[in-house]
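As a plain string of letters, each chain reads:
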Amino acid sequence: PFGYDPFGAPGDIVEDRRIADLGIRTIRFANNVRLNIKRTDFEKGRVRYSVRLAGGQLVMPRDKPGLTMMLNMISAVSGTRHHSLEDIKDLLAGRIVQAGFAVGADAFTAAGATTAEDLALQMKLSAAYLVDPGFRPEAESRWANAVPVVDKQINSQPTSVLEAKLPFALFDDGRFGIPDASVLGLRNVAEARALLAAASASAPIEIGIDGDVD
């Protein structure tokens, strides 16, 4: 069985209002999670979603260059505490859902498109990736294998070198730019796990849903 069905007790709504001229329903739960819903008819049967956990690059440690790249590369394959990515593919075969999340400038974001029928399942899967990540051994192996490839790709073109190294020269801040392979190789899933655990424990969460949904 899918390990996140149900996903805890339903939250209590403490504020529910409509922005009439924009056609948006905005909801705030007791734990301060925000939810914005807008029904549109641009895409029949499709619902787009965005789950934003505040933080992203802004909360990355300055002394751990490359952690952002690592998280973006391994988030999906890290799986969740209950399921590996392969488990998820088997359990949810035929459903329109996406695994993983991305590190943005100011948030960890799980976003994509699904159907009205699979929206609840997608929300549970996205929540699991953000607050109950697995960071399994296969994620560590994926990163170790990717580091030399990434380094080779960066150093193959002047433009790539500029994009990777210029932020270091401008900001002297490990949150920006891409370091050499020797530094990238130091990043590990223990660092990623600690970072996301701290963020998910208290960071604000905002969910946006729009599309063919009631």
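Participant: What is the right way to look at helix α1 (residues 67–74) in this model?
Facilitator: Side chains three or four residues apart in an α-helix point the same way, a direct result of the helix having 3.6 residues per turn. Listed in full, the buried residues belonging to α1 are L67, T68, M70, L71 and I74. For α1, the buried positions fall inside an angular range of 160° around the axis, keeping them on one side. Contact partners of the buried residues in α1: β5 (102–103), β6 (107–114), α4 (137–154) and α7 (189–202).

Participant: Would you take a moment to explain the packing of α1 against α7 for this structure?
Facilitator: Contact pair α1 / α7: the axes reach a minimum separation of 10 Å and the direction vectors enclose 90°. Taken together, the axes of α1 and α7 are roughly perpendicular relative to one another. For the pair α1 and α7, the contacting residues are L67, M70, L71 and I74 in the first and V189, E191, A192 and L195 in the second. Grouping the amino acids of the contact of α1 with α7 by side-chain chemistry returns 7 nonpolar, no polar and 1 charged.

Participant: I'm lost on helix α5 (residues 158–171) in this one. Help?
Facilitator: Taking 1.5 Å of rise per residue, the 14 residues of α5 would be expected to cover 20 Å, and the 20 Å separating its terminal C-alpha atoms lies within 8% of that figure. Of all the bends in α5, the largest measures some 35° and sits at K165, one to four residues before the proline P167. Within the sequence span of α5, burial applies to S160, A164 and P167. On its buried face, α5 sits against α4. Phi for D172, located one or two positions after α5, is positive at around 50°.

Participant: What is the right way to look at unusual backbone geometry in this model?
Facilitator: When glycine is set aside, most residues are seen to have a negative phi, and most peptide bonds are trans. Cis geometry is found at the peptide bond from D5 to P6, where omega equals 5°. Mapping P6 onto the fold places it in the segment before β1 (13–19). With a phi angle near 75°, N32 is a residue other than glycine that sits in the positive phi range. Inspection of the secondary structure puts N32 in the loop between β2 (24–29) and β3 (34–39). Unusually for a residue other than glycine, F135 sits at a positive phi of about 45°. By the element assignment, F135 lies in the loop between α3 (119–131) and α4.

Participant: Can you walk me through the pairing of β6 in this structure?
Facilitator: In the case of a regular strand, side chains alternate between the two sheet surfaces. A large share of β6 lies buried, amounting to 6 of its 8 residues. Pairing between strand β4 (residues 47–54) and β6: 8 bridges, direction antiparallel. Paired with R48 across the bridge in β6 is A113. Sheet topology note: the β5/β6 ladder contains 2 bridges and is antiparallel. Bridging from a neighbouring strand, V103 pairs with F108 of β6.

Rules and cut-offs
- Residues numbered from 1 in each chain as written.
- Predicted model: local features only at pLDDT ≥ 70, side-chain atom pairs only at ≥ 80, totals over all residues.
- Heavy atoms only, no water.
- Buried < 20%, exposed > 50% of the residue type's maximum accessible area, 1.4 Å probe, protein only.
- Helix = DSSP H or I, 4+ residues; strand = E, 2+ residues; numbered from the N terminus.
- Arc of directions from axis to C-beta.
- Contact = heavy atoms within 4.5 Å.
- Axes fitted to C-alpha atoms, helices over the stretch in contact; angles between N-to-C directions.
- Parallel < 35°, antiparallel > 145°, perpendicular 65-115°, else oblique.
- Nonpolar A, V, L, I, M, F, W, Y, C, P; charged D, E, K, R; others polar.
- Expected span 1.5 Å × (residues − 1).
- Bend = angle between axes of the 7 residues up to and from the residue.
- Pairing = 2+ DSSP bridges.

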